[in-house]
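The primary structure of each chain is shown beneath.
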Amino acid sequence: QNKLISLRKFLKSKKIKYQNLKINGETINFQIPEEDIKEFDNFFLNKKNNTFNAYYNTYRSFELDYSVKDNLIFIEYTKFGLIEIKNSILEHSLEIVRRRIDEVGTKDPTIIKRGNDRILIELPGLDDPNRIKNLLGKTANLTFRLVSDEDNEFGSELLFFEDGSDQLNVNKRVIMSGDNLINARPSFDNRNNETIVNFTLDRVGAKKFGRVTTKNVGKRLAIILDNKIISAPQIREPIQGGSGQISGNFTFQSATDLALLLRSGALPAPLNIIEERTVGPDLGEDSIKAGAISLVIGFLFVVAYMFFKYKILGIVANLSLIVNLILLIGILTILEATLTLPGIAGIILTVGMAVDANVLIFERVKEEMKTEKSNIHAFDIGYKRAQSAVLDANITTLISAIILFFLGSGPVKGFAVTLGIGILTTLFCAYFFARHLSSL
């Protein structure tokens, strides 16, 4: 369909007259005058700046080929054009699958291509495989269409609601698609006491939505996901703000999943789950145990060194470090994070960053105690003068963690999450817990 629209624009731009332009199976056919066939050939098989029929230098072939019979032109994909389409669909699907699964970054997923038409997904510590399969099994093709006033109206089709309870006659003309969505979030409507999904549109979508709702006040607008009607509310007034809401007897979990699907975008083709395996955690447990042992050993060495170097202040630093780890693990537990090796690496680095902050502060305090008679005053000045150095070191690391989270995937995100949270707990413990404890 997209190629048909592009071809129509292509022929008009070249001022080639045509008629009976239509799709027949996997072929586009149309008629042109005999005298225009040569000109069409020159444009169609142009290797440079061809916006309609791309030329692949890798294969030395065009995306499309054509044949002529009695002034009737038949256009179809070449073998290499089909290969490029399949590769493009697989790459696009891989990215969308990654968005759907890898949003939080605490499960350490592995998502890779396998062969020409398969995607391998490995998810450690998964509690609900069915939810993931449901998320992956939906194409998530969202459209907004008007409900037809009459049954069996020309240009309309009969669609069922998602729960199968009812059906409506819906216009085939798509007013707006999910491509115009820039954000979607679950929410709660206090007026109707129901869970909804709030969505925000881009500039083009906002204009379309405002124009359609202005012209069709009083009519029903069907919100359709994968050819199933989610809801069909009545347009009570024009919606000009570029935002709206979807309701449909959602639970909070189903609303969260729908919002995730809409944010990640529609799959270019349906995914079929052809194989599912559950692997025992023996090898992973051994690795996690080794990582945990290394964390404990590193922690004990740090505690011993701080006590040896700073005596009473070292005890304060060690207590602050223990509280830091408790806070970090507590926050990760709230986020339902799975403990993985990259996550343990982030925790170990947090221990080092926490000690570094205390060392900077205590060294500054020791310098102030040489000139100040009052220990309390020395502590106060030491903490204040070390603050800029501690903040600079931790904020730059936090910026790196944020960049890793948004640009990385899988293990990198898991590392970034634990490191970022660890930096925040480190600053809290250094400047609130440790300071108040040392002032005692």
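Residues numbered from 1 in each chain as written. Predicted model: local features only at pLDDT ≥ 70, side-chain atom pairs only at ≥ 80, totals over all residues. Heavy atoms only, no water.

S.K.: I would appreciate a short explanation of the overall build of the protein chain in the present structure.
M.R.: Along its length, the protein chain carries 11 helices and 17 strands. Taken against the 2.2 N^0.38 rule, which gives 22 Å for 440 residues, the C-alpha radius of gyration of the protein chain at 31 Å runs more than 25% over that of a compact globule. Within the protein chain, contacts between residues at least 6 apart in sequence are counted, and of these 60% link residues at least 24 apart. If you sum the accessible surface of the protein chain, you get close to 26,100 Å²; carbon and sulfur atoms cover 55% of it. (Helix = DSSP H or I, 4+ residues; strand = E, 2+ residues; numbered from the N terminus. Rg over C-alpha atoms; globule rule 2.2 N^0.38 Å. Contact = heavy atoms within 4.5 Å. Areas by Shrake-Rupley, 256 points an atom, 1.4 Å probe, with all protein chains shown as cover.)

S.K.: Got a minute to help me understand the nonpolar core in this structure?
M.R.: One recurring pattern in soluble globular proteins: nonpolar side chains tend to sit buried together. One finds Ile361, Phe362, Tyr383 and Tyr431 to be the most contacted residues of the largest nonpolar core, which totals 32 residues. When contributions to this core are tallied by element, the ones reaching two or more residues are helix 7 (282-310), helix 8 (312-334), helix 9 (341-371), helix 10 (375-407) and helix 11 (411-439). What Phe362 contacts, discounting residues up to four positions off in sequence, is Met306, Tyr310, Leu313, Ala317 and Tyr383. Of all hydrophobic cores here, the second largest spans 26 residues; its members include Val212, Leu225, Ile246 and Leu261. (Core = buried A, V, L, I, M, F, W, Y, C linked by side-chain atoms within 4.5 Å. Buried < 20%, exposed > 50% of the residue type's maximum accessible area, 1.4 Å probe, protein only.)

S.K.: Sorry, what's going on with helix 10 here?
M.R.: Owing to its 3.6 residues per turn, the α-helix aligns residues three or four sequence positions apart on the same side. Between its terminal C-alpha atoms helix 10 stretches 47 Å, which fits the 48 Å expected from 33 residues at 1.5 Å a residue. The largest bend in helix 10 amounts to roughly 40° and is located at Gln387. (Expected span 1.5 Å × (residues − 1). Bend = angle between axes of the 7 residues up to and from the residue.)

S.K.: Explanation requested: the pairing of strand 1 (residues 19-24) in the structure shown.
M.R.: Both faces of the sheet carry side chains from a regular strand, because those side chains alternate between them. Summarising the sheet, strand 1 and strand 2 (residues 27-31) pair through 4 bridges and their orientation is antiparallel. Residue Gln19 lies in a different strand from strand 2, and its bridge partner there is Gln31. Linkage of strand 1 to strand 2, two consecutive antiparallel strands, is achieved through a turn of 2 residues, within which Gly25 is found at a positive phi near 70°. (Pairing = 2+ DSSP bridges.)

S.K.: Where do I start with the pattern of salt bridges in this structure?
M.R.: Opposite charge on two side chains lets them pair, provided their charged atoms get close. Evaluation of the coordinates by the stated rule reveals 5 salt bridges. Across the pair Glu157 and Arg145 runs a salt bridge whose closest N-O atoms are separated by 2.7 Å. You can see Glu157 sitting in strand 10 (residues 156-160) and its partner Arg145 sitting in strand 9 (residues 142-146), a full 12 residues away along the chain. Since its relative accessible area comes to 27%, Glu157 is described here as partly exposed. On the basis of relative accessible area, Arg145 is assigned to the buried category, the value being 5%. Taking the shortest distance from any N to any O, the salt bridge between Asp189 and Arg191 comes out at 3.5 Å. (Salt bridge = Lys/Arg side-chain N within 4 Å of Asp/Glu carboxyl O.)

S.K.: Just to check I follow, could you spell out helix 3 (residues 79-101) for this structure?
M.R.: Here helix 3 is 23 residues long and its end C-alpha atoms lie 33 Å apart, about the 33 Å a rise of 1.5 Å per residue gives. All of the buried residues along helix 3 are Gly81, Leu90, Ser93, Leu94, Ile96, Val97, Arg100 and Ile101.

S.K.: Just to check I follow, could you spell out the environment of Ile85 for this structure?
M.R.: By secondary structure assignment, the location of Ile85 is in helix 3. A C-alpha to C-alpha distance of 9.1 Å links Ile85 and Glu63, two positions 22 residues apart in sequence. If we skip the residues at most four places from it in the chain, Ile85 touches Glu63 and Tyr77.

S.K.: Where do I start with the environment of Asn46 in this structure?
M.R.: In this structure, Asn46 sits in the loop between helix 2 (37-44) and strand 3 (55-56). For Asn46 and Phe62, which are 16 residues apart along the polypeptide, the C-alpha to C-alpha distance reads 9.3 Å.

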